[in-house]
There are 2 protein chains.
Amino acid sequence: MKKKVLVFGSTGSVGKNSLEIIEQNKNKFEVIGICGNKNVNQLIKQVRKFRPKYVCLTDQDAACQLKKRTKIKFKLFSGKQGLGDFSSIKSDISIMAISGIDCLRPLLINIEKSKRIALANKEAIVVGAKFIFRKAKKYKTEIIPVDSEINAIFQLLKLTNFKQEDLEKIYITASGGSLLNYDKKSLSKVSAAEVLNHPTWKMGKRITIDSATLVNKGFEVVEAHNFFNISYEKIEILLHRQSLVHAMVKLNDQTCFSCLYPPNMKNPISFALSYPKRVKRAVSAKDKKKYSLSYQAVPYRKFPLLRIILEAAQRDDNSLVVLNACDEIAVDYFLRNKISFVQIEKILKKIFKIYPAKQVKSIKDVYFWDNWARKKTKEILGEK
Amino acid sequence: MKKKVLVFGSTGSVGKNSLEIIEQNKNKFEVIGICGNKNVNQLIKQVRKFRPKYVCLTDQDAACQLKKRTKIKFKLFSGKQGLGDFSSIKSDISIMAISGIDCLRPLLINIEKSKRIALANKEAIVVGAKFIFRKAKKYKTEIIPVDSEINAIFQLLKLTNFKQEDLEKIYITASGGSLLNYDKKSLSKVSAAEVLNHPTWKMGKRITIDSATLVNKGFEVVEAHNFFNISYEKIEILLHRQSLVHAMVKLNDQTCFSCLYPPNMKNPISFALSYPKRVKRAVSAKDKKKYSLSYQAVPYRKFPLLRIILEAAQRDDNSLVVLNACDEIAVDYFLRNKISFVQIEKILKKIFKIYPAKQVKSIKDVYFWDNWARKKTKEILGEK
């Protein structure tokens, strides 16, 4: 059975990303309703592609235009009253991606009708968390956060068996926004275009401005507190320019777990749609680069022994036993100044060439080949 | 009941760290036996501190010396036969920290007698994984990897509900060792002291040399394959100089989870001892610095609005409703060139000062204060 999906705010950034994911997973999800504000052009495209039963435009004039410009049949809702009625439609999953406080009313209505809310709006939680969660509890509606940092915390806490009493800190990362390195003087003259030029995220306008003032980050702390019932002292913000790590959990034995994905909303949206399953996704070349953080690829050329060990590992014979013994002897010789460092490499290469490949069928075989390799290594290195 | 612990290789680096942790958690663990090679001085210290019932020295002469130098009573084992007998002692947890292939025999014997093996040795797995795991299964003995990378994978896989079919990659990190930036010419002349000078880890000699050749990393790939039954194609090595992230798991929706802790063995040892519980530990100032990775502290001074939001969050009144509405209006004004960027900050500060603090008891209150703040903000900004 396909899951029936309503998309609130379908013409915005999260809405469009959501529809893209649903399109790639047509066998799993069916768009039954979409709702926008007044972007008629975008909405017509979406109507053509997804043929939803229900369409809502909160702007009355835009709704009239839409009706005129297409012959496709759907039930049209418009205006504030229309949005309320649209919010009363039953669904398996509702993606709540209307921005600002305008999301609060449809959210509260739809909680009664939907099995799961994928919540991409943060203002509703900031101003009305207790009313939202109380109602969700009453109607047994699941609310999954789509906001990337909160989604990452959700993944870190809900997918793991961490115990509440082991939790020392929750870290939320902040890119610092577009103005982090501006001085006071430049700040006073900054243009909207400059502020909207976020270094890592492509998002709606208000959230991009809120990222520059970190108001957005403050809101996320409020979200984390309300979603997971974590005290404010346990929530900390870390500046992390790459926006690759979205959240981190520190347990009280000082072990940390972090959740990473490229800075676009497709990950948290597809998670919120498919949880507890996962939708397989390929990563774009552009995003792949962003994965770098402080990691690099291994320069295998520089470490020929690593290649040898990995090759040996896949041979399923006595080679690992032989190489381990040879390495132990060679390292010992090097430490005692009997051979140079580069000779370690040479002797392992040599042994790997000349050892007689045999199956290891018992622990006796392990000791036999260990012994053989020790002798052979010493022999080659000139000590019997 | 205290857990009875045997420490194999108690005078080595992992052994000493283990005893330190046990000392800090005397109420939970009791050392019943320690075993070293020939470091009599160190062993005497440990005997005095922990008063174990059983002591083993594999070097016969060292065993004689030990007997002469202390009056403390314990059962002494010595030589190869002695190690075998010592390995037959029953325990709740055995820490296996003998280095090299010498660990294999005591490990295989002790698997029959111990409930849990905290395995710090990797060579045994490299040469004899199938015999070890077969025996552990037969005797229902738990083997918990202490090797940091493998321990991190264990934590990432065993503490989570990731499904095998969702697993795309396991990443093991490599510091690159002490010689990563040496050219060929310098490599040919490198001294043992230079190779032993590892940039991030303090470890035994062989493993430090093996880290410079990356033989050690190859062995870890073999460990990961055998411990978690993961195919070699799914295991990848990443160069990560800081040795802070020890392993990372990538699911096929491109979400990654990484496990971090400072580069010392205390974390994985205390985990292996206390799992599934955790032993609370404070982190040293030195280690705290190392946590930095690509994160920085937030320069709160630069973001006064963040402070205001966080303060509002804890007031439990209508302040978040008011600030959210004010922010929405202010951002809109800025986007329409009606106010400058810095005025966003000013107006939020002002509203936060003048708003009448009230409890929010219903969703009606939310709308009331939202409306109030919008009007007030517009009034102050000069538009009614």
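Cut-offs and rules
- Along each chain, residue indices are assigned from 1 in the same order as the chain's sequence is written.
- Working convention: letters from A go to chains and numbers from 1 go to ligands, in the order in which they are written.
- Reporting of local features is limited, given that this is a predicted model, to residues whose pLDDT is at least 70; pairs of side-chain atoms are given and counted only at 80 or more, and all residues count toward the totals for whole chains, interfaces and linings.
- Only hydrogens and water are set aside; all other atoms, that is, all heavy atoms of the structure, feed into the side-chain values.
- Any two residues having at least one pair of non-hydrogen atoms within 4.5 Å are treated as being in contact.
- Take the accessible area each of two parts loses on contact, using a 1.4 Å probe, and add the two losses: that sum is the buried area.
- By definition, a salt bridge exists where a carboxyl oxygen of Asp or Glu is found within 4 Å of a side-chain nitrogen of Lys or Arg.
- For the purposes of these results, a polar contact is taken to be a pair of N or O atoms within 3.5 Å, where, inside protein, one atom must be able to donate a hydrogen and its partner to accept one; residues adjacent in sequence count only when each atom of the pair is a side-chain atom.
- By the criteria applied, helices consist of DSSP H or I runs no shorter than four residues and strands consist of E runs no shorter than two, each listed in order from the N terminus.
- Each residue is assigned to one class: nonpolar for Ala, Val, Leu, Ile, Met, Phe, Trp, Tyr, Cys and Pro, charged for Asp, Glu, Lys and Arg, and polar for all the others, Gly among them.
- Superposing the copies works by least squares over the C-alpha atoms of residues that have pLDDT at least 70 in both of them.
- Residues belong to a common nonpolar core when they are buried Ala, Val, Leu, Ile, Met, Phe, Trp, Tyr or Cys residues joined through side-chain atoms within 4.5 Å.
- Accessibility here uses a 1.4 Å probe with only protein chains present; expressed as a share of the type maximum, an area under 20% marks a residue as buried, one over 50% as exposed, and anything in between as partly exposed.
- Aromatic pairing here means that ring centres of Phe, Tyr or Trp (its six-membered ring) are within 6.5 Å. Orientation follows from the plane angle: under 30 degrees is stacked, over 60 is edge-to-face, and everything else is tilted.
- Should the NZ of a Lys or the CZ of an Arg lie within 6 Å of a ring centre and within 35 degrees of the ring normal, that charge is described as sitting over the ring.
- Domain segmentation is taken from an automatic or database assignment of domains.

Peer 1: Please clarify how the interface of chain A and chain B should be interpreted in this entry.
Peer 2: Frequently, the measure chosen for interface size is the accessible area removed from exposure when the parts meet. On the chain B side, the residues contacting the 113 residues of chain A number 113 residues. Both sides of the chain A and chain B interface together cover about 9,800 Å² of buried area, and 64% of this is carbon and sulfur. Linking chain A to chain B there are 6 salt bridges. A salt bridge links D327 of chain B to R206 of chain A; the nearest nitrogen and oxygen atoms lie 2.9 Å apart. Counting the contacts that link chain A with chain B gives 29 residue pairs in polar contact (both at pLDDT 80 or more). Per-element tally for the side of chain A that touches chain B: the top contributor is helix α15 (residues 319–335) of chain A, with 8 residues. Per-class residue counts for the side of chain A that touches chain B are 67 nonpolar, 24 polar and 22 charged.

Peer 1: I would appreciate a short explanation of the relation of the copies chain A and chain B in the present structure.
Peer 2: Between the two copies of the chain lies a rotation about an axis combined with a shift along it. For the match of chain A to chain B, the screw axis carries a shift of 0.0 Å, the RMSD comes to 0.0 Å, and the turn is 180 degrees. The superposition of one copy onto the other is thereby described by a two-fold rotation axis. Every residue of chain A has its C-alpha some distance from the rotation axis, and the shortest such distance is that of T160 of chain A, at 2.0 Å. The fraction of interface residues of chain A whose copies in chain B are also interface residues reaches 100%, indicating that both copies meet through the same surface.

Peer 1: Just to check I follow, could you spell out the nonpolar core for this structure?
Peer 2: Nonpolar side chains tend toward joint burial in soluble globular proteins. If you look at the biggest cluster of nonpolar residues, it comprises 267 residues, and the most contacted ones within it are F341 and I344 of chain A together with F341 and I344 of chain B. Ignoring sequence-local partners within four residues, the contact set of I344 of chain B consists of I209 and T213 of chain A together with L305, D327, A330, V331, F334 and I339 of chain B.

Peer 1: I'm lost on the environment of A212 of chain A in this one. Help?
Peer 2: Locating A212 of chain A in the fold gives a position in helix α10 (residues 205–213). A212 of chain A gets classed as buried once you look at its relative accessible area, which sits at 4%. Dropping the residues within four chain positions of it, A212 of chain A is found in contact with G177, S178, L179 and V195 of chain A together with F303 and F341 of chain B.

Peer 1: Got a minute to help me understand the packing of aromatic side chains in this structure?
Peer 2: The description of an aromatic ring pair uses the distance of the two centres, along with the angle that the planes make with each other. Applying the stated rule across the entire model yields 26 aromatic pairs over all chains. Each ring, one from F154 of chain B and one from F271 of chain B, has its centre 5.9 Å from the other, and the planes form 70 degrees; the classification is edge-to-face. Of this pair, F154 of chain B sits in helix α7 (residues 148–158) while F271 of chain B sits in helix α12 (residues 266–274), and the two are 117 residues apart along the sequence. Across this residue pair, the class does not change: F154 of chain B and F271 of chain B are buried. Grouped by ring-pair contacts, the aromatic residues F8, Y54, F77 and F86 of chain A constitute a single cluster. In this arrangement the basic side chain of K338 of chain A is found over the ring face of Y333 of chain A, its NZ or CZ atom lying 4.9 Å from the centre. One cation-aromatic arrangement involves K67 of chain B over F74 of chain B; the distance from NZ or CZ to the ring centre is 5.0 Å.

Peer 1: Looking at this model, I keep getting lost on the domain arrangement of chain A. Mind explaining?
Peer 2: All names here are of chain A. Here chain A is described as being made up of domain 1 (3–145), domain 2 (150–311) and domain 3 (316–384). With centres defined by C-alpha atoms, the gap from domain 2 to domain 3 works out at 46 Å. Listed by partner, the interface residues are 5 residues for domain 2 and 7 residues for domain 3. Summed over both sides, the interface between domain 2 and domain 3 buries roughly 590 Å², with carbon and sulfur atoms accounting for 88% of that surface. In terms of surface lost to domain 3, no three residues of domain 2 exceed L305, I308 and I309, which account for 74% of the buried area on that side. Summed over the shared surface of domain 2 and domain 3, the number is 0 salt bridges. Along the contact surface separating domain 2 from domain 3 lie 0 residue pairs in polar contact (both at pLDDT 80 or more).

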